[in-house]
Every structure is written in structure tokens, then in C-alpha cells.
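Residue strings, one per chain:
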Amino acid sequence: MKKIKLALIGAGARGLLSYAPYVRLHPDEAELVAVAEPDAARRAEAAAQFGLTESQLYDSWEELLGQPRLCDAVLICTQDRMHFGPTMAALERGYHVLLEKPMSNDPLECVRMAQAADRAGLLLSICHVSRYAPFWQRLKSLLAEGAIGEVVSIQHNENVGYLHYAHSFVRGNWRNDRLSSPMILAKSCHDMDLIRWLVDAECERISSFGSLKHFRTGEAPAGSTERCTDGCAVEAACPYSAPRFYMQPVEDNPFAALIATPPTEENRMDAIRRGPYGRCVYRTDNNVVDHQVVNMEFAGGATAMFSMCGFTRDINRIVQIMGTKGEIRGDLLKEEIDLFEFANGERSVISTFTGAVGHQGGDEGIMRRFLSDLREGNYSGTLTSAQTSLDSHLMAFAAETSRLKQGAVVDMREYKAALLAGAASD
């Protein structure tokens, strides 16, 4: 087996904690030979985990990619608005790329990256990790087998979870679309991708509604303060109390481990007092929606309805797929698929539980597939290649366009044609 040499650009939660562990667990398949990360503590952590020397650590992606070619491929796990530059530079230098989703917060940049990979004959794979999870793989196989006939309609709910929403999208890195991406792209491009994959047809029309309803200054309770630690009169009873949430043991609360490096109690309390995660959820600079619905119509007549909400007790995805010969109901949290067939009235409950972590095995699955594709020379049209993922990204952009236009229906054919014309004119 050929060992693939990799470089990591961005040693944050996704890069260092989600994808790099596969390399450590499978040293026969891959080797990490360089890391670019501006945060010194994260660079040191990466070096400790993978035995890297100072010469293998870089402050920036520009410095790493400015070196003579170091390896076969790069994992780009920077923030949303920092994807285009390193991806284009890596492709220009002959590297294959595994890119964290979303591809970019700019639809034209998404088109240009996919086109650049095509021109270079290189693999640009997007981290739509859900496609690799056993739950979604089994759903897809049931549809391919014709278990419920032709897909007529899909209802898909993304329960973000009230604490996850507050952590990531009110206080965290994805709170403001001017700093990252709109919610439909930053969080729910997974869902657009899954719906597109399951229906297996071009989306022709799309509309969307949603807003930031709750996490605004006008909703702040009397007696609240700028920070939870500023003597807030309602902190003890607030569902979003930063001290109560982030001072839990990191073994019980994975979000607590993300606010300081290393996540000692002292460091976490300092982060709460000084950093973004201690701010009152009603007094930050957030602007992304806390609830949104999207309606889609596909070639052939199938429809889909997607709902994202930040006010749920758990983090889960629930899907209902209605076909001409049956119905499927899926619960990702339970890792359970409920199949009902009309002809015989039979109901089958299928468990997809494997015990895998990281998006129910999706993080491990995409790394396994990316390395396999590189070894086998599969550089285009793969399960989550840029060419494949571009379609669902454009669905997300069109949905946001509709939302901002009070739900106006967007014709996807016209939308795509305008983008391709724009890319061609550059």
C-alpha cells in the first residue's frame, strides 16, 4: 500500500481533532509531514501528536505552500473565508486537496475552485462527511435498491441544539456572515448536499424563509450584562450561562475543550472572563439566522422541505422520505431507519449503529476514501469531489438569496448560468 504524505493547513477542531487522528491511527496509509497554523499553542500540540520538528511547522499557509513540494496532498481546515486562497495555491503547486466545508462563502469562488481542479487534473474533495456515515450510506442504498420506489418528497429537519447553536453561531466563529458564512452554508450545506444526493436529480427551483428571532439585544432580560461574569442578575437561571456550560468537565462537554488551549479550568475561566465565549448571548455581534426553512423542487417533480432550528433539546437530524412504493423515516441520533413498504404492509427497523464517533463515522470515512482515491488515481467525479459538491453549494447560496428577497423563488438554471458566465468572464 502506497503511503500518502499529507500537510495540514489549519490545526483547529476539524483539522487536528477530526481528520488528523486517522493518520495517527493508520500510519501504514498516511504520514503527516507539515503543519501550518498561526496559533503557537496549536502548532505545538500538532508537533507533539505527530512528532514534528520545528522545520515542519509553519506560521501560515503562504509559508508552507511557498516551499518546494513537500507531499502528495494538503488538508485545508481553515475558517470559511480562508478557503479560496490556500486551495487555489495548493492546486497551482500540484497538490491534491481535502477541503473543509463549505468550499467558500462566495459562489464564484466555489465555481473557480472546481474548475481549477478540473484543469489541473487533481482531486479536490470537499468534507461533506455525512455521505460516508453508515446511516446515510444505508439510506442511499435503500433508495438505490428501489425499496420505496421513486422518491416523491423529503422532509428533513436539522436540530442544531440550543447549546451548540449558542456556542458556534452566537458566540463562536460562525456567528456573523461577514466573518464566516450564512447559516445555510456554514451549518446546513451538509443538509443541502444530503438532500441533493438522496433525490439524485437537479434542483430546479428553490425558496427560503428565516430570520434571527431571539438572540438580539431587544430580547436581553432585565439585569443582564455584557458578559456573564460582569455581575449579571439572571446568570444563574439563564440557559446560556457561560460559567455553568464551559466549566463542566471536558469529558462531559466537548465544547468546553474548544475555548482554550490547553483547556485547563484556569484557562477556560480566563477565556470566559476575556474571550468571546463569555459574552451575553443577547449582546454579541452575531447576525446569522436562528431558524430557517427551504423549499425545493427537482427535475422530475420531486420536492423537499428542509428546516433548521437552533431551539432544540438535542443535536440531531431527522428525515422522512416518501416514495411511490413506501416510506422511510430516519433518526440520526438513534442511528435507526424505519422502512415501511406499501405492497405488503411490512415495517422494518434497521439499526446502523457502529459505535463510530465523528459524525457517526463520517470523519473517518472521508479520510479513508480520500486516501484510497489518491492511491487509485480517482481524481474527479468521486463521492464528494468539488464537481459533485458544487451543485449543493449553489443550492445553499440560492436559498440565502431567496431568504434575503423575502422568499422569492430562485430558478436554479438561471442562477447557475449567471454564475458560470461570471466565472468565464474573469
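Further up the page is the structure itself.
To keep things clear, this report deals only with the structure shown in the data block.

Parameters and conventions
- Residues numbered from 1 in each chain as written.
- Predicted model: local features only at pLDDT ≥ 70, side-chain atom pairs only at ≥ 80, totals over all residues.
- Heavy atoms only, no water.
- Helix = DSSP H or I, 4+ residues; strand = E, 2+ residues; numbered from the N terminus.
- Rg over C-alpha atoms; globule rule 2.2 N^0.38 Å.
- Buried < 20%, exposed > 50% of the residue type's maximum accessible area, 1.4 Å probe, protein only.
- Contact = heavy atoms within 4.5 Å.
- Areas by Shrake-Rupley, 256 points an atom, 1.4 Å probe, with all protein chains shown as cover.
- Pairing = 2+ DSSP bridges.
- Axes fitted to C-alpha atoms, helices over the stretch in contact; angles between N-to-C directions.
- 1 Å grid on protein atoms, 1.4 Å probe; cavity = no way out; pocket = protein on both sides within 12 Å on 5 of 7 lines; lining within 4 Å.
- Points joined across faces, edges and corners; volume = space filled by probe spheres on them.
- Nonpolar A, V, L, I, M, F, W, Y, C, P; charged D, E, K, R; others polar.
- Core = buried A, V, L, I, M, F, W, Y, C linked by side-chain atoms within 4.5 Å.
- Salt bridge = Lys/Arg side-chain N within 4 Å of Asp/Glu carboxyl O.
- Phe/Tyr/Trp six-rings, centres within 6.5 Å; stacked < 30°, edge-to-face > 60°.
- Lys NZ or Arg CZ within 6 Å of the ring centre and 35° of its normal.

### Focus: the overall build of the chain
Stage number 1. A count of helical and extended segments in the chain gives 14 helices and 15 strands.
Stage number 2. Relative to the globule expectation of 22 Å for 426 residues, the C-alpha radius of gyration of the chain, 22 Å, shows essentially globular dimensions.
Stage number 3. With the C-alpha coordinates aligned to their principal axes, the bounding extent of the chain is approximately 60 × 60 × 45 Å.
Stage number 4. Relative to its 426 residues, the chain shows a buried fraction of 54%.
Stage number 5. For the chain, contacts bridging at least 24 residues in sequence account for 72% of all contacts bridging at least 6.
Stage number 6. Here the chain displays about 18000 Å² of accessible surface, and carbon together with sulfur accounts for 51% of that area.

### Things to note about the sheet that holds strand S4 (residues 73–76)
Either a parallel or an antiparallel arrangement is found when strands of a sheet pair, and the pairing is made through backbone hydrogen bonds.
Stage number 1. If you trace the six strands from one edge of the open sheet to the other, you get S3-S2-S1-S4-S5-S6, paired in parallel fashion. Strands with a single pairing partner mark the edges of an open sheet, and in this sheet they are strand S3 (57–58) and strand S6 (124–126).
Stage number 2. Strand direction decides the pairing type here: strand S1 (residues 4–9) and strand S2 (residues 30–36), joined by six bridges, are parallel. Directly across from Lys5, in S2, lies its bridge partner Glu31.

### As for the sheet that holds strand S13 (residues 336–341)
Stage number 1. Strand order in the open sheet made by the nine strands is S14-S13-S12-S11-S7-S10-S9-S8-S15, with mixed pairing throughout. Edge positions in the sheet fall to strand S14 (347–351) and strand S15 (410–411), since each of these pairs with one other strand and no more.
Stage number 2. Note: strand S11 (residues 316–323) against strand S12 (residues 326–331), five bridges, orientation antiparallel. Its bridge partner lying in S12, Val319 is registered against Gly330.
Stage number 3. Sitting on the sheet, helix H9 (residues 189–199) is in contact with strand S7 (151–159), strand S9 (291–298), strand S10 (303–309) and S11, with an inclination near 160° to S7.

### Describing empty space enclosed by the protein
Stage number 1. As enumerated under the stated definition, the model contains three cavities of 30 Å³ or more in all.
Stage number 2. Of the volumes computed, that of the largest cavity is approximately 90 Å³.
Stage number 3. Along its surface, the largest cavity is lined by 15 residues, and Cys228, Cys232, Glu235, Cys238 and Cys280 are the ones closest to its centre.
Stage number 4. Tallied by class, residues from the lining of the largest cavity come to nine nonpolar, three polar and three charged.
Stage number 5. Considering only enclosed or pocket space, the second largest cavity measures out at about 50 Å³ in volume.
Stage number 6. Residue lining of the second largest cavity: Asp177, Pro182, Met183, Ile184, Asn287, Val288, Val289, Gln292, Glu400 and Arg403, and that is the complete set.
Stage number 7. Counting residues per element, the ones that place at least two in the lining of the second largest cavity are helix H8 (183–186) and helix H13 (386–404).
Stage number 8. Here the residues of the lining of the second largest cavity sort into five nonpolar, two polar and three charged.

### Some details on the nonpolar core
Stage number 1. In terms of nonpolar packing, the biggest core is built from 123 residues, with Leu6, Trp136, Ile206, Met296, Phe298 and Ile321 touching the most fellow members.
Stage number 2. Per-element accounting of this core gives the leading share, eight residues, to H13.
Stage number 3. The contact partners of Trp136, leaving out residues within four places of it in the chain, are Ser130, His156, Leu194, Trp197, Leu198, Arg317, Val319 and Leu332.
Stage number 4. Counting 11 residues, the second-largest nonpolar core is a separate cluster that includes Phe245, Phe255, Met269 and Tyr277.

### Quick notes on the environment of Ser385
Stage number 1. Among the structural elements, Ser385 can be located in the loop between helix H12 (362–376) and H13.
Stage number 2. Taking relative accessible area as the criterion, Ser385 reaches 0% and is therefore assigned buried.
Stage number 3. Taking the C-alpha atoms as reference points, Ser385 and Trp61, 324 residues apart in sequence, are found 22 Å from one another.
Stage number 4. Beyond its immediate sequence surroundings of up to four residues, Ser385 is in contact with Leu124, Ser125 and Ile126.

### With respect to unusual backbone geometry
Stage number 1. Note the cis peptide between Lys101 and Pro102, where omega equals -10°.
Stage number 2. The backbone phi angle of Glu335 is positive, close to 55°, even though this residue is not glycine.
Stage number 3. Relative to the elements of secondary structure, Glu335 occurs in the loop between S12 and S13.
Stage number 4. A positive phi angle is found at Gln360, which is not glycine, with a value near 50°.

### As for the pairing of S10
Stage number 1. The alternating pattern of S10 places Ala304, Phe306 and Met308 on a buried face, while none of Thr303, Met305, Ser307 and Cys309, on the opposite face, is buried.
Stage number 2. Note: S7 against S10, seven bridges, orientation parallel. When the sheet's bridge partners are listed, Asn159 is paired in S10 with Cys309.
Stage number 3. By the bridge criterion, seven bridges tie S9 to S10 in an arrangement that is antiparallel. From the neighbouring strand, Val293 faces S10, where its bridge partner is Ser307.
Stage number 4. Where S9 folds back onto S10 in an antiparallel hairpin, the turn is made up of four residues, including Gly300, whose phi is positive at roughly 95°.

### A closer look at the pattern of salt bridges
Stage number 1. Enumeration over the complete set of coordinates arrives at 25 salt bridges.
Stage number 2. Between Arg131 and Asp193 there is a salt bridge; the shortest N-O distance is 2.8 Å. Pair noted here: Arg131 is in the loop between S6 and helix H6 (134–144) and Asp193 is in helix H9, with a separation of 62 residues, a long-range link.
Stage number 3. With a relative accessible area of 5%, Arg131 lands in the buried category.
Stage number 4. What emerges from the salt-bridge pattern is a single network uniting Glu158, Lys187, Asp191 and Arg317.

### Re helix H7 (residues 162–170)
Stage number 1. Burial runs high along H7: seven of the nine residues are buried.
Stage number 2. Considered for burial, the residues of H7 that qualify are His164, Tyr165, Ala166, His167, Ser168, Phe169 and Val170.

### As for the packing of aromatic side chains
Stage number 1. Following the criterion strictly, the structure yields 11 aromatic pairs and no others.
Stage number 2. Considering the side-chain rings of Phe215 and Tyr240, the 5.2 Å spacing of their centres and the 75° angle between planes classify their relative orientation as edge-to-face. Of this pair, Phe215 sits in the loop between strand S8 (203–211) and helix H10 (242–246) while Tyr240 sits in the loop between S8 and H10; the two residues are 25 residues apart in sequence, bridging distant segments of the chain.
Stage number 3. By relative accessible area, Tyr240 is classed as buried at 7%.
Stage number 4. Taking the centre distance of 6.1 Å and the plane angle of 25° together, the rings of Phe215 and Tyr282 count as stacked. Of this pair, Phe215 sits in the loop between S8 and H10 while Tyr282 is found in the loop between helix H11 (265–274) and S9, placing the two residues 67 residues apart along the sequence.
Stage number 5. The class for Tyr282 is buried, based on a relative accessible area of 7%.
Stage number 6. Three or more aromatic residues joined by ring pairs make a cluster, and in this case those are Tyr162, Tyr165, Phe169, Phe215, Tyr240, Tyr282 and Phe311.
Stage number 7. Lying across the ring of Tyr95, Arg69 places its NZ or CZ 5.4 Å from the centre.

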